Amino acid sequence: RHAADSLRSPLMPDVGRPPHSVMAESASLRVLSELTTVVADDLRPYQVVELLDTEGNRTELFTRYLTRDGAHWVRHGVFQSFFADGALQSEGVYRHGKEHGPWRDLYQNGVVAAEGSYFHGEHVGTWFYRDPDGHEEEPDHFPPAPGPFN
């Protein structure tokens, strides 16, 4: 319906994979930093990672923690995705595997395609859209966030 819808793509098998994020089948993951963090009163491995395409270009940068049972990683913290030329494509924050807080999707020319907020993975408030030339499109209105974003 909106210009920003063209930025959406299928989900990746890990928890908290954004629908507006793309991962080529032959992409690789590189851990940039490892530390330990407290999640639900318990220490967990935490990583800052980047996904690289087949040519070694960064496609995503995000943080994640390992579930208590060690079965999978959960996105938690800052998320960014990038076009092949390195330009920012999307940015936002994850909280325990779900988008939470302000989010932006951009066109390759840098124009903001979509801008709004999530609350535990659900669209909230007003989402604004623009076409690639920056002309405003009809916004979407969702229920307000049911509580604070913290």
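See the structure printed just above.
Being a predicted model, the structure only gives us computed values, none of them experimental.

Calculation rules
- Residues numbered from 1 in each chain as written.
- Predicted model: local features only at pLDDT ≥ 70, side-chain atom pairs only at ≥ 80, totals over all residues.
- Heavy atoms only, no water.
- Pairing = 2+ DSSP bridges.
- Helix = DSSP H or I, 4+ residues; strand = E, 2+ residues; numbered from the N terminus.

Caption draft 1: Broad picture of the pairing of strand β5 (residues 88-95). In this sheet, β5 lies alongside strand β4 (residues 73-82) in antiparallel orientation, the contact comprising six bridges. Its bridge partner being in β5, G77 is matched across the sheet by Y94. Linking β4 to β5, which pair antiparallel, is a turn of five residues; within it G86 sits at a positive phi near 95°. Alignment of β5 against strand β7 (residues 101-106), held across two bridges, turns out to be antiparallel. Within β7, the position partnered with E91 by the bridge is R104. Note: β5 against strand β6 (residues 98-99), two bridges, orientation antiparallel. Bridge pairing links Y94 to E99 in β6.

Caption draft 2: Representation of the environment of E122. Checked against the element boundaries, E122 lands in strand β9 (residues 122-130). In the structure, E122 is positioned 20 residues away from F142 in sequence and 9.1 Å away in space, judged by C-alpha atoms.

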